[in-house]
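Structure at a glance
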Amino acid sequence: MNGQLHVQAQLRLGDFKLQVDTHWPLQGVTALFGRSGCGKTTLLRIISGLEKVKGAQVHFADQCWQSDKVWVPAEQRRVGLVFQEPSLLPHLSVTGNLLYGYKRTPPALRRLQIDAVVAMLGLETLLERGVAQLSGGQRQRVALGRALLSSPQLLLLDEPLAALDTQTKREIMPFLSKLAQQSGVPMVLITHAPDEVQRLADRVVFMHNGVITEVDGLQQAMARPDSPLFDDEGPSSVLEGELSLPDEHGMSQFGPEHSRLRVQASAAEEQTHIRLRVLARDVSVALDDPARISIQNHLKVVINQLHELPGNRLLLSTALRDGQTLLIEITPWSAQQLGLQPGQQVYALIKSVALIR
Amino acid sequence: MFGLGPADWQAIHVTLKLCFFTTVILLLIATPLAWWLSRGRSAWRVAVQAIVALPLVLPPTVLGFYLLVMLGPRGPVGSTLESIGLNHLAFSFEGILLASVLYSMPFAVQPLLESFNNLGRRPVEVAASLGAGVIDRFFTVVLPLCKGGFVVAATLSFAHTVGEFGIILMLGGSIPGETKVLSVLIYDHAEAMNYAAAHRLSLILLVFSFLVLFVVYGINRRFQVVKI
C-alpha cells in the first residue's frame, strides 16, 4: 500500500502531555518505540478510533479518519488490533473469534482467506477449542489471526509479546516476522524491546514523554552510536540481504557479491530475504585482508566516523559495499595503533552473526 | 385455587401486569443509562447515579407525594396531558407504572452497572475494531457477556415492583382492576379484619419473593461476569 499515515493530536491528562504531529509511510512494519507511559498506547488508540481526542487529525492514505468535521468510528476504519493482554471474546470458541471480524468484512474486501491465515499462524489444532483452554501464546496467535481475517488496512499491535514469557515469545516471534513479510498489511508495532524492533521493524518512530522525537529507517536508527535500540549487549548492526542455499558444509552465502558473508543457517530457512544481527564487539578491524585466521568473514568496509563511547571504547561506523552500516567496537588504543581515519578502507572481521529474521 | 376470590385474582392480574411492563420499560431505560454511567466518572455521572439511587433511601410516600403533585390534574405534567386531550396520571394504571419505573430504577441500574464495569472496555473495543457497529456489539458481545447482570436486573425489578406499597397507595389509591395491587389488597384485607384472606396472599408473596431471591443469588454465583 502506498501513502502515508498522518496523525496530529494534542492531549493533556494531568501531568501527561501528548503532542504529536507526524507521518510515516504505510509500508512494512513501523515500530513505535519508547518507554512505558510515553503515550504510545494513547497514540495507537487515536489512530484506531478508540479514543476521540478533540482537535486531532488522522489521515490514512487518502482517507480522512478524523478532522474537525470528520469522525470515522473504529468499526469503519478497518484497523486490526492486537493488545498486550489476551483479548479473545470468552463466550466464543477459537473459530468463533477468528470469524468474528471475517463475517463482518464485506466479501469484496476480504483479502486473506481462513485457510491461509490458519496455516500462517499454525492454528489448525486449536480451532475447536474454547478460549479458556489456550495458553498465553496460543491466545495471542488467535488474536493475530482474528485481526488478520478482518482484512485490515492497517494492523496495530500494542506490545503483543510483552505479557508472554521468554519461551513463548520465542515461539511467537517467527509468526510475527512471517506476518510482517507475507501479510502485505502495513503494521504498527508498539514495543519497548529493542530486540523486537531489530527483528520486525522497517522503520522506527521514537517517542518520549508524549512527543515523537524521530522517525527513522531501521538502519539509520541503528547507525547512531547512542541509539536507544541497543540493548544490554551494546551497539549492534542489522544487515539485510539474500541468503543462498547451504553448501555441503552447511554454510550459506549472505549478501551481494564481493561483500559476502558465510553464515551457518542451522534451521532450513524457507525465506531467502533475511536479517542478520552483528554485535559491534564481535567485529574486529584489519588493515589488510588476513589470510591465516579462523575468522572466515572478512568484509571490505569504509570508515565513516569514529565515536568515543563511555568506558574507554571506540565505535567505528563503517559502510559495506552495498551501503549498509556496520558498527565495530574497538579500543581507542588499537584505533591509534592502526591510524584509523574516516574515509579509510579496512577489513571488518566478523566473528559471529545471529539470524534474526 | 388457593381459595382466592375474584378480587384476589384481579389484584394478582394487575400486579403481574404492572411488574411485567415495569421490567420491560426498566430494561430499555436502565441498559443505556447504566452503560453511560459505566463509561466514566464525571460529576454529571455521579449526580445521575445519586438521583437513580434516591428511591433506596427516600420513604416511598415522599416519592409518591411528589408524583401525585406532578402528575395530578393540577400538576405540571398532569395539566399538560389534559390540555392536549389526554388524562392526567393520578389514580391510573399508567401513573403507578411510571411510579414503579422510577421506584425500581436502582434495582435495574445497579446490577447492570456492576456487570458493565466488570466487562470493561476491551471486549467492546475488540468488537469495534473487527467491524461491529454499536447495535451489533451490544447483541454479540455485551448481552452474552453480561447476561447474568441482565437476568438479575430483570428479576430484581420484577420482584421489587411486586413489593411496592406506599408509592402506589399515594399515587394510585386502591381502584380495583386499575391500581389495586396485591400489597394494597393485603392491606385492605387486614383493615377489614379478613385475616384469612390476608394470610393467603401474604404467604403467596412470601414464597414468591423467596424463590426470586434464591434464583437471583444462584445466578449471581453461577454467572461470574467474565472479565477478559
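No experiment lies behind these values; they were computed from the predicted model shown. Within each chain, residue numbers correspond to sequence positions counted from 1 in written order. Starting at A for chains and at 1 for ligands, labels are handed out in the order in which the entities are written. Totals for whole chains, interfaces and linings use every residue, but because this is a predicted model, local features are given only for residues with pLDDT of at least 70 and side-chain atom pairs only at 80 or more, for both listing and counting.

1. A look at the overall build of chain A
Each helix is a run of DSSP H or I of at least 4 residues and each strand a run of E of at least 2, with the numbering of both proceeding from the N terminus. The helix and strand tally for chain A stands at nine helices and 20 strands. Computed over C-alpha atoms, the radius of gyration of chain A comes to 22 Å, within 12% of the 21 Å expected from 2.2 N^0.38 for 357 residues, which places it in the range of a compact globule. Relative to its full complement of 357 residues, chain A shows a buried share of 41%. A pair of residues counts as a contact when their C-beta atoms, built from backbone coordinates, are separated by no more than 7 Å. Expressed as a percentage of contacts within chain A between residues at least 6 apart in sequence, the contacts between residues at least 24 apart total 69%. In this setup the radius of gyration rests on C-alpha atoms only. A globule is expected at 2.2 Å times the number of residues raised to 0.38. Field definition: a residue is buried when 20 or more other C-beta atoms are found within 10 Å of its C-beta, exposed when 12 or fewer are, and partly exposed for counts in between, with C-beta atoms placed from the backbone.

2. Some thoughts on unusual backbone geometry
Within the chain, Arg 78 of chain A stands out as a residue other than glycine whose phi angle is a positive 55°. Tracing the backbone through its elements, the reader meets Arg 78 of chain A in the loop between α2 (74-77) and β6 (79-82). A positive phi angle, close to 60°, is found at Met 193 of chain B, a residue other than glycine. Among the residues examined, Met 193 of chain B registers 8 C-beta atoms within 10 Å and is labelled exposed.

3. Focus: the sheet that holds strand β19 (residues 345-350) of chain A
All names here are of chain A. By the convention used here, strands pair only if DSSP detects at least 2 bridges between them. Read from one edge to the other, the open sheet built from five strands follows the order β15-β19-β16-β17-β18, with strand pairing classed as antiparallel. Sheet topology places β15 (283-286) and β18 (325-330) at the edges, where each strand pairs with a single neighbour. Ignoring strand direction, the axes of neighbouring strands in this sheet form an average angle of 45°. Of the strand pairs in this sheet, β15 and β19 are connected by four bridges, and their pairing is antiparallel. From the neighbouring strand, Val 285 faces β19, where its bridge partner is Ala 348. Axis lines are fitted to C-alpha atoms, over the contacting stretch for helices. Their N-to-C directions set the angle, which ranges from 0 to 180 degrees.

4. Topic: the confidence of the model for chain B
Any residue range with low pLDDT should be treated as having predicted coordinates unsuitable for detailed reading. A residue's pLDDT is the predictor's confidence in that residue, given on a scale from 0 to 100. Averaged over all residues, the pLDDT of chain B is 90; the fraction at 70 or higher stands at 96%. Reported confidence for the predicted complex is 0.83 by ipTM and 0.83 by pTM.

5. Let's talk about the interface of chain A and chain B
Every contact between the two is made by 21 residues of chain A and, on the other side, 15 residues of chain B. Sorting elements by how many residues they give to the side of chain A that touches chain B places β6 of chain A first, with three residues. When grouped by side-chain class, the residues that make up the side of chain A that touches chain B number ten nonpolar, seven polar and four charged. For this classification, Asp, Glu, Lys and Arg are treated as charged, while Ala, Val, Leu, Ile, Met, Phe, Trp, Tyr, Cys and Pro are nonpolar and the rest, including Gly, are polar.

6. Concerning the domain arrangement of chain A
Residues and elements named next belong to chain A. Domain borders in the structure are assigned automatically or taken from a domain database. Domain boundaries assigned for chain A yield domain 1 (4-223) and domain 2 (236-355). For domain 1 and domain 2, the distance between their C-alpha centres works out to 33 Å. Counting residues at the interface gives seven residues for domain 1 and eight residues for domain 2. The set of elements that each furnish at least two residues to the side of domain 1 that touches domain 2 consists of α7 (194-200) and α8 (218-223). Residue contributions to the side of domain 1 that touches domain 2 peak at four residues, all from α8. In the side of domain 1 that touches domain 2, the residues fall into three nonpolar, three polar and one charged.

7. A few points about helix α2 (residues 43-57) of chain B
Working rule for helices: expected span equals 1.5 Å times residues minus one. In this model α2 of chain B runs 21 Å from its N-terminal to its C-terminal C-alpha over 15 residues, within 8% of the 21 Å that 1.5 Å per residue would give. Along its length, α2 of chain B reaches its greatest deviation from straightness, about 30°, at Ile 51 of chain B, and the proline Pro 55 of chain B lies no more than four positions downstream. To get the bend at any residue, fit one axis to the seven residues that end at it and another to the seven that begin at it, then take the angle between the two axes.

8. Some points on the packing of helix α1 (residues 6-38) of chain B against helix α8 (residues 147-162) of chain B
All names here are of chain B. Running from N to C, α1 and α8 cross one another at 140°; their axes reach a closest spacing of 9 Å. By the criterion of interaxial angle, the relationship of α1 to α8 is oblique. Every pair of crossing elements has a handedness; the one defined by α1 and α8 is right-handed. Taken together, the residues of α8 that come into contact with α1 (itself represented by Thr 15, Leu 18, Cys 19, Thr 22, Thr 23, Leu 26, Leu 27 and Ala 30) are Ala 153, Ala 154, Ser 157, Phe 158, Thr 161 and Val 162. We call two directions roughly parallel when the angle between them is under 35 degrees, roughly antiparallel when it is over 145, roughly perpendicular when it lies between 65 and 115, and oblique otherwise. Rotating anticlockwise by less than a right angle from the far helix to the near helix defines a left-handed crossing, while the corresponding clockwise rotation defines a right-handed one.

9. Description of helix α3 (residues 94-103) of chain A
What α3 of chain A keeps buried is the set Val 94, Asn 97, Leu 98, Tyr 100, Gly 101 and Tyr 102 of chain A. In this fold, the buried residues of α3 of chain A make contact with α4 (114-120) and α5 (136-149) of chain A.

10. What about the nonpolar core?
Among the nonpolar cores identified, the biggest contains 150 residues, and Ala 31, Leu 189 and Ala 348 of chain A are the most heavily contacted of them. In terms of residue count, the dominant contributor to this core is helix α5 (residues 93-119) of chain B (twelve residues). The residues that make up this core include at least three from each of domain 1 (4-223) and domain 2 (236-355) of chain A. We define the nonpolar core as any set of buried residues of the types Ala, Val, Leu, Ile, Met, Phe, Trp, Tyr and Cys, connected via C-beta atoms lying within 7 Å of each other.

11. Observations regarding the environment of Val 207 of chain B
Checked against the element boundaries, Val 207 of chain B lands in helix α11 (residues 195-222). Sequence-wise, Val 207 of chain B and Ile 25 of chain B are 182 residues apart; in three dimensions their C-alpha atoms are separated by 26 Å.

12. Focus: the sheet that holds strand β11 (residues 236-242) of chain A
Sheet strands pair via backbone hydrogen bonds, and the direction of the pair is either parallel or antiparallel. All names here are of chain A. The antiparallel open sheet is built from three strands, whose spatial order is β11-β14-β20. In this open sheet, the two strands that pair with only one neighbour each are β11 and β20 (354-355). Two strands pair when backbone bridges link them, and β11 and strand β14 (residues 273-279) are joined in this way by seven bridges, in the antiparallel orientation. Looking at the pairing, Val 238 lines up with Arg 277 of β14.

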